[in-house]
Structures are given as structure tokens and as C-alpha cells.
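Descriptive structure summary
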Amino acid sequence: MASLWEYANPKKFIDTTSRFIPWLFGSALICLVTGLVWGFFFTPDDFRQGSTVKIIYLHVPSALMAINAWLMMLVASLIWIVRRHHVSALAARAAAPVGVVMTLIALATGAIWGQPMWGTWWAWDPRLTSFLILFLFYLGYIALWEAIENDDTAADLTSILCLVGSVFALLSRYAVNFWNQGLHQGASLSLDKEENVHDVFYHPLLICIAGFVLLFIALVFLRTQTEIRARRMRALMARERLTA
Amino acid sequence: MIPDLGKYADAVMSAYAVSLLLLVLLVIVSWRRAAKVKRDLEEIEGKGQSDG
């Protein structure tokens, strides 16, 4: 069996992921269309929240991916710090714009959902606030990569920023449990049958989550390939300048 | 065809519109940049081979 570290070779990574990317995009599209059509057209209104419950199919998967994208970046950053594999640092860089869009969708759909339910677009609630800070960390992370010319230095500094930001990624997930206050309800997904969202909403929600996960993986593969090629391009151009 | 969303129609429709727009934009931007960088790299590598 091939070692996982073989994929730290940029060429091997590009060759392998190129085979999966079309399938991942295709599966993501099928899951998203199925889950969203099922949820939007064929599920009833909630007895308390009315038709706004349909926002759950976008809000919950995007919030989950916003947090998990950062955790994926954390793992990739740790691999960079420990083993100095460029592909892992570039994968973390590639995931950040995807994570920031997921966070933006979660914040936007949360505000749109919150307005009719809570009577306000925004509240300084623990979960909302930690999510906003996570969003700012994403922006800072992307800005730091862009600001530093040397790729290795940028990877080092962004990895440290990623470690610090992980506290807020975890806070975003567990803020509701830490502080039993604020407007945001508890987790929609739970192993406890009593707390978990009702089955009629749960099944299309699971399909939407699968769609978001597949889309995230497809985008990270595609964007990592782009970062690998962009890095090679910068190296070739620098060599050209030296020999000119 | 569209289910009766009652008084929350604006909220639900705008949440879907914003989310789908952002997702589609993300995919388009990612594909376009991937294609451009791949093309540019091939051009530079081709130039390097013809020079050397």
C-alpha cells in the first residue's frame, strides 16, 4: 500500500487528484441538488419557526464546513511545521478562501434567519461572536499569505496564525455548551434523539452536508493544484531573472 | 411549484439566493484561476524548453 507521504510529491498529488476532481464535483452537485430540492420542496414547515426552517439546509452545512475547513488547515499546518512538506502548506492556503466563503454563508444565512425569529439581524451572542472572530481570522490568514513574498516564511507564519485561530474554530463549535446563554439554539445535530433535529428535516440535511463536504474536498484539491503550479511558476520566473 | 413560504418568503428566498450565488462564484473563480495558472505555467515551461 502506498504511503500517505507519497502525496507530498507535487506531481504525484496533481496526477492522483486530477482523477478524482470531476467525480467529486459531480457527486457534490448531485447531493446538493437532491438535498436542497428535497428540503425546500418536500419538507413541512416547523411548528415554531414556520418556513424559515428551510434555511437549515444551507446554514448548518456551511457552519460545519467553516469550522472543519479551519481544522483541516490546522492539520495541514502541523504537517508543514513538523515535516516541511510544501503540498500541505499549499493545501492549507488553498482551503482558506473556501473556508471564508463557508463562514460568510453561515453568517449571512444566520442573520437572515435570526431577523424574523429573534427580531434582530445580529446579537453579541457567544456562538455568533466566535463565528465572526473566526471569519476575521480567515481574512487575516489570507492577507498574511498575500503579504509575504517568501513562500516558506509565509507558510511558517500562517501556520502559527492557524494554531491560534483554532481556539476560535473550537469555540464556534462549542460556545453554546460553554456558555448557557445567548440567542443561538443548541446544536441541530446530536446523538441524543431528543435533541437532534426531527427525522423529516434530518435526512435531507444529511444529504446537504454530504454535498458541502464533497464540494469542499473538490475545491481544495483543485485550488491546491493551482497553488502548486503557481509556486512552480514563481520559482521558474525567479530563476529566469537570475540568469538574465 | 414553489411551496407557500407564507410571511417568511423573503427571508427564505434571500438566504437561498445569497448562499447559491456565493457557492457558484467560488466554483467559477476557482476553475478560472486553475485554468489560467495551468496555461501560464505551460507557456513558461514551453519557453524554457525552447530557450534551453
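Coordinates for the structure precede this section.
Fair warning: this is a prediction, and the values are worked out from it, not measured in the lab.

With 39 residues of chain A at the contact, the number on the chain B side is 30 residues. Of the roughly 3,100 Å² buried where chain A meets chain B, counting both sides, 79% is carbon and sulfur surface. Of all residues in chain A, the largest losses of buried area upon contact with chain B belong to Phe40, Arg229 and Met233 of chain A, amounting jointly to 19% of the total for that side. Where chain A touches chain B, the interface holds two salt bridges. Two residues, Glu227 of chain A and Arg33 of chain B, come together in a salt bridge whose shortest N-O distance is 3.1 Å. Here the side of chain A that touches chain B takes 14 residues from helix α6 (residues 199-243) of chain A, the largest share from any one element. The class makeup of the residues in the side of chain A that touches chain B is 26 nonpolar, six polar and seven charged.

This part is about helix α3 (residues 86-118) of chain A. Taking 1.5 Å per residue as the helical rise, α3 of chain A with its 33 residues ought to reach 48 Å, and the 46 Å between its terminal C-alpha atoms agrees with that figure. Burial runs high along α3 of chain A: 26 of the 33 residues are buried.

Looking now at the side chain of Asp151 of chain A. All names here are of chain A. Positionally, Asp151 belongs in helix α5 (residues 151-178). Look at Asp151 and you get buried, because its relative accessible area is 15%. Within polar-contact distance, the side chain of Asp151 engages the side chain of Arg234 at 2.9 Å. Those residues in contact with Asp151 that sit more than four places away from it in its chain are Arg93, Trp145, Arg231 and Arg234.

To continue, consider the packing of aromatic side chains. Going through the model one piece at a time under the given rule, you end up with nine aromatic pairs over all chains. Relative to Phe42 of chain A, the ring of Phe41 of chain A lies with its centre 6.3 Å away and its plane at 50°, an arrangement referred to as tilted. When the ring of Trp70 of chain A is compared with that of Phe137 of chain A, the centres are 6.1 Å apart and the planes differ by 80°; the resulting orientation is edge-to-face. Remark: Phe137 of chain A occurs in helix α4 (residues 126-147) and Trp70 of chain A occurs in helix α2 (residues 56-83); sequence separation between them is 67 residues. Given the relative accessible area of 0%, Trp70 of chain A is considered buried. Pairwise contacts between aromatic rings join Phe40, Phe41 and Phe42 of chain A together with Tyr16 of chain B into one cluster.

Conventions and cut-offs
Residues numbered from 1 in each chain as written. Chains lettered and ligands numbered in written order. Predicted model: local features only at pLDDT ≥ 70, side-chain atom pairs only at ≥ 80, totals over all residues. Heavy atoms only, no water. Contact = heavy atoms within 4.5 Å. Buried area = accessible area lost by both parts, 1.4 Å probe. Salt bridge = Lys/Arg side-chain N within 4 Å of Asp/Glu carboxyl O. Helix = DSSP H or I, 4+ residues; strand = E, 2+ residues; numbered from the N terminus. Nonpolar A, V, L, I, M, F, W, Y, C, P; charged D, E, K, R; others polar. Expected span 1.5 Å × (residues − 1). Buried < 20%, exposed > 50% of the residue type's maximum accessible area, 1.4 Å probe, protein only. Polar contact = N/O pair within 3.5 Å; in protein donor to acceptor, adjacent residues only side chain to side chain. Phe/Tyr/Trp six-rings, centres within 6.5 Å; stacked < 30°, edge-to-face > 60°.

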